[in-house]
Amino acid sequence: MSKAIPDAALDTTVSLEFSSHALTLLLCALFVALTLGITVWARRNTRGAVDFYAGGRRFGPVQNGLALTGDYLSAASFLGIAGMIALWGYDGFLYSVGFLVAWMLVLPLAQLMRNTGRFTMADLPGYRMPRMRVRAACACATVTVCVFYLLAQMVAAGALVAMLVGTTATSTRIMGIVGVGVLMIVYVMYGGMKGATWLQIIKAVLLLLGSALVCVLVLAQFGFDPSRLLTSASDASSHGTQLLQPGLYLGQDVPGDTAQTLVNKLDLFSLGLGLVLGTAALPHVLIRFYTVPDGTAARSSVRWAIALIGAFYLMTLVLGFGAAAIVGRDAILDQDRSGNTAVPQLALALGESLGGAVGGAVLLAFISAVALATILAVVASLTLASSMSLAHDVFGHIVMWGRPKESQEVGVARVCAAVVGVVAIGLAILARDLNVAFLVGLAFSVAAAANLPVILLSLFWRRFNSRGVLWGIAGGLVSSITLVLLSPVVSGKTDPQTGENLSLLPAWINIQVFPLENPGIVAIPVGFLCAVLGTLTCREYDPERYQDLQLRSLTGSGAARS
Amino acid sequence: MVEHVGYTTSEQAEPHRHADSWTAGQRWDARELSTLVVSHGLGTVRVHGDPRFVLLRRRFRTRMVLLLSGVLAWYLGYIGLTAFARDLLIIDVYGSVNIAMVLGLGQFASTFLLAWMFGRFASRTMDPIAAELRRELGSRNTPGTPGQVSR
């Protein structure tokens, strides 16, 4: 971590970093102790499926709004987006905008989904079409999205733990992955949704407070004048005022190559569509609507989430440009090529300017602990979402023909959490050296292309039927994954100047056919089209069940209660 | 094959929990409603012809379509501008704050505003109708009726 520091300064830096790392570990230990305490409490208060899957459905809108915020804001948001803004300026901000605007799609749907379903996404189409294959398809899509997302988070967790402890050694990263994975399994197996919700609430409060603290400190340095902050950021950057303009990183103009320019711009649209349409169908966000008493509370909790998430993404702007102005682009690039260390570096610099070496160590330790809490909470809720789908949809509705014993199903959910966790740990250890950040985009794309058509058409299309569900999910899933496999992310992308290989596979394999890095612009229409075609080629049609669903989704009559 | 979920005891309790204070429903003639309400196979009651339900559905749909088309058009328009109208977006408005930044912050502002407006609209014009219908449906749909299965 300290390879960029000149030898003369090494002694003090090492001791400083040591104290900061010790403090980070102490704060993390406090967080883990607190959350494990909550897990024990949650285990004692979890009696059946409603408690385990939906936290007893007794959380209030503010609590659930905070928990949604905690679920949604991963380390990719906290460290990744701020780092991108620090390095690439305005284009990093485009991610913030997309991630927030996406919630406008969630807002009208939250209430309908809460009124119709019980625990998982499959409950919604399953209500209209009580068929095993519908459950199987939805479970398949849910688990795929969760595992992709989980894998990206776990690999990042390994790198983050290593960074926080101050080495880049492989053994530390593996230990980080295993540690995070084991904690995540314990949280989910024992705490269920009650434990996970409190974990999210604590994490969201810590994350918002931590970001707000750093933001105020940054703004104080610039006399609370945002324009001065922006000017300093562009002055300190090698890109100059281009830092404040779109086009450095996304949708770049390639001089003299109109085709490539157009491809870059289409890629930007594709990314934007994936971000905006994917959020409404992320399984770990959907299961949160069931933790509140009724549809109205689900809607209010989304409004709270929009306010909190919006406030957070506004702060990423200050964090990112603050890091660009105070830490500087070169210092960030020296530590991490993708900019993930920008916020910790900013915290260190701010703390040092306030309270010398001790101040720097304290603030760095606090921010690092917040980052770890962020990762832990997100991986826990992803594991919960996939184990719920496996237990409720696959075990409860397929293996047991919809007549499981409640205690049996919850037991299976606990075992599934352990299995998913162990598989994720194994995959993350295998993929620890790969750049798997694209998996987050792939998860959003699968959610938008496979889950969203099923949710929207189940709610609003009278004719929709179970073949539509199957074809929609298959079409969205297969097209997203295939397009990513054939994209420049996986093979055939080289740096135009240095010739360095930027893809996942070694340079001699080139299966790149699809020019865009983000599959959304093709995969989402394919998902919808397949769902429509599947429906129209099958005569199955039950208008009465659709009327039931409409009545139930809009009035909340017969909705699952606490 | 139809699913019957076996363990719904705690979920079925208290169907009247949300029968709240809105009383304007008394305007509607209860006898008129009972002619429209038809019980069918699963014990769920149909009020599809009920003018209140038609109104509720229409209000929800128009608002949702307006909201989503507006948001998507504004967002995709914004992305389009950042991709194709960069000469326009780099004009400074105040200090170092350029039009691109103003539009990005405008997305935040519109999201906050629309979320607040949609929530207010829903709680004022849709929730009361939904609560009234739910109350009437609940009274015809007593807890524990075989077949009234929460899924």
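Residues numbered from 1 in each chain as written. Chains lettered and ligands numbered in written order. Predicted model: local features only at pLDDT ≥ 70, side-chain atom pairs only at ≥ 80, totals over all residues.

An unreviewed UniProt entry annotates chain B as DUF485 domain-containing protein originating from Lipingzhangella rawalii.

An unreviewed UniProt entry lists chain A under the name Cation acetate symporter, with Lipingzhangella rawalii as the source organism. UniProt annotates chain A under Sequence similarities (unreviewed entry) with the comment "Belongs to the sodium:solute symporter (SSF) (TC 2.A.21) family." Recorded under Subcellular location (unreviewed entry), the UniProt text for chain A is reproduced unchanged: "Cell membrane". (UniProt positions renumbered as here; feature names shortened; annotations may be inferred.)

*Asks:* Can you lay out the overall build of chain A for me, pointing to particular residues and giving the numbers?
*Replies:* Within chain A, the regular secondary structure consists of 20 helices and zero strands. C-alpha atoms of chain A, sized along the principal axes, occupy 75 × 60 × 45 Å. Restricting the contact set of chain A to residue pairs at least 6 apart, pairs at least 24 apart contribute 79%. (Helix = DSSP H or I, 4+ residues; strand = E, 2+ residues; numbered from the N terminus. Contact = placed C-beta atoms within 7 Å.)

*Asks:* For the overall build of chain B, give the residues involved together with the corresponding values.
*Replies:* Secondary structure assignment for chain B yields five helices and four strands. Reading chain B from its N terminus to its C terminus gives the helix and strand order α-α-β-β-α-α-β-β-α. For chain B, long-range pairs separated by at least 24 residues make up 69% of all intrachain contacts whose partners lie at least 6 apart in sequence.

*Asks:* I'd love a proper account of helix α4 (residues 75-88) of chain A, names of residues and values included.
*Replies:* With 14 residues, α4(A) should reach 20 Å at 1.5 Å per residue; the first-to-last C-alpha distance of 18 Å fits that figure. Of the residues flanking the end of α4(A), it is A:Gly89, one or two places downstream, whose phi is positive at about 65°. (Expected span 1.5 Å × (residues − 1).)

*Asks:* Now, about helix α16 (residues 406-430) of chain A: what can you tell me, with residues and values included?
*Replies:* All names here are of chain A. In a regular helix each residue adds 1.5 Å, so 25 residues correspond to 36 Å; α16 covers 36 Å between its end C-alpha atoms and thus fits that length. All buried positions along α16 are accounted for by Glu409, Val410, Val412, Ala413, Cys416, Ala417, Val420, Gly421, Ala424, Ile425 and Ala428. The secondary structure elements touched by the buried residues of α16 are α2 (49-54), α8 (132-165), α9 (170-221) and α15 (342-399). (Buried ≥ 20, exposed ≤ 12 C-beta atoms within 10 Å, placed from the backbone.)

*Asks:* Describe unusual backbone geometry, naming the residues involved and giving the relevant values.
*Replies:* Residues and elements named next belong to chain A. Phi at phenylalanine 224 is positive, roughly 55°, even though this residue is not glycine. On the secondary structure map, phenylalanine 224 appears in the loop between α9 and α10 (226-236). Judged by local crowding, phenylalanine 224 falls into the exposed class, with 11 C-beta atoms found within 10 Å. A positive phi angle, close to 55°, is found at tryptophan 401, a residue other than glycine. Take tryptophan 401: it is sitting in the loop between α15 and α16. On the basis of neighbour count, tryptophan 401 is assigned to the exposed category, with 12 C-beta atoms found within 10 Å.

*Asks:* Requested: an account of the environment of A:Ala324, with residues and values cited.
*Replies:* Within the secondary structure, A:Ala324 sits in helix α13 (residues 295-326). If we skip the residues at most four places from it in the chain, A:Ala324 touches A:Ala86, A:Ala233, A:Ala236, A:Ser237, A:Leu243 and A:Arg329.

*Asks:* Run through the nonpolar core, naming residues and quoting values.
*Replies:* Residue and element names in this part refer to chain A. Counting 236 residues, the largest nonpolar core has Met154, Leu160, Ala323, Leu346, Ile375 and Val379 as its most contacted members. In terms of residue count, α15 provides more of this core than any other element does, 33 residues in total. Beyond its immediate stretch of four places on either side in the chain, leucine 160 contacts Ala75, Ala371, Leu372 and Ile375. (Core = buried A, V, L, I, M, F, W, Y, C linked by C-beta atoms within 7 Å.)

*Asks:* Tell me about the interface of chain B and chain A, and name the residues and values.
*Replies:* With 60 residues of chain B at the contact, the number on the chain A side is 60 residues. Mapped onto the side of chain B that touches chain A, the elements with two or more residues apiece are α1 (9-12), α3 (51-84), α4 (86-89), β4 (97-98) and α5 (99-139) of chain B. Considering each element in turn, the side of chain B that touches chain A owes the most residues, 18 residues, to α5(B). Along the lines of polarity and charge, the residues of the side of chain B that touches chain A split into 32 nonpolar, 18 polar and ten charged. (Nonpolar A, V, L, I, M, F, W, Y, C, P; charged D, E, K, R; others polar.)

*Asks:* Now, about the UniProt feature "transmembrane region" (unreviewed entry) in chain B: what can you tell me, with residues and values included?
*Replies:* All names here are of chain B. Within this structure's numbering, the places UniProt gives as "transmembrane region" (unreviewed entry) are residues 65-85 and 97-118. Its end C-alpha atoms 28 Å apart, residues 65-85 is made of 95% helix and 0% strand. With 91% helix and 9% strand, residues 97-118 has end C-alpha atoms that lie 30 Å from one another.

*Asks:* I'd like a rundown of the packing of helix α17 (residues 438-460) of chain A against helix α18 (residues 466-485) of chain A, residues and numbers included.
*Replies:* Residues and elements named next belong to chain A. Between α17 and α18, whose axes approach to 9 Å, the crossing angle comes to 160°. Considering their axes alone, α17 and α18 lie roughly antiparallel with respect to each other. Where α17 crosses over α18, the handedness of that crossing is right-handed. Every residue of α18 that contacts α17 at Phe438, Leu442, Ser445, Val446, Ala449, Ala450, Pro453, Val454 and Leu457 is listed here: Gly468, Val469, Gly472, Ile473, Gly476, Leu477, Ser479, Ser480 and Val484. Each residue belonging to the contact of α17 with α18 can be placed in one class, and the counts come to twelve nonpolar, six polar and no charged. (Axes fitted to C-alpha atoms, helices over the stretch in contact; angles between N-to-C directions. Parallel < 35°, antiparallel > 145°, perpendicular 65-115°, else oblique. Left-handed = near helix turned anticlockwise from the far one by under 90°.)

*Asks:* I'd like a rundown of the packing of α9(A) against α16(A), residues and numbers included.
*Replies:* Residue and element names in this part refer to chain A. Interaxial distance between α9 and α16 falls to 9 Å at its minimum, and their mutual angle equals 170°. As judged from the angle between their axes, α9 and α16 are roughly antiparallel. Remark: the crossing between α9 and α16 carries right-handed chirality. Between α9 and α16, the residues in contact are Ile174, Ile177, Val178, Gly181, Met184, Ile185, Val188 and Met189 and Arg414, Ala417, Ala418, Gly421, Ala424, Ile425, Ala428 and Ile429, respectively. Residues of the contact of α9 with α16, tallied by class, amount to 13 nonpolar, two polar and one charged.

*Asks:* Can you explain the confidence of the model for chain A? Please cite residues and give values.
*Replies:* Residue-level pLDDT values for chain A average 89, and 96% of them are 70 or greater. Contacts of residues 1-16 of chain A to residues separated by more than four positions or lying in other chains number 13 contacts, the stretch itself having pLDDT below 50. (pLDDT = per-residue confidence, 0-100.)

*Asks:* How would you explain the environment of A:Tyr313 if you had to name every residue and give the values?
*Replies:* All names here are of chain A. The topology assignment puts tyrosine 313 in helix α13. By C-beta crowding, tyrosine 313 is classed as buried, having 22 other C-beta atoms within 10 Å. Spatially, the C-alpha atoms of tyrosine 313 and leucine 209 are 13 Å apart, while their sequence positions differ by 104 residues.

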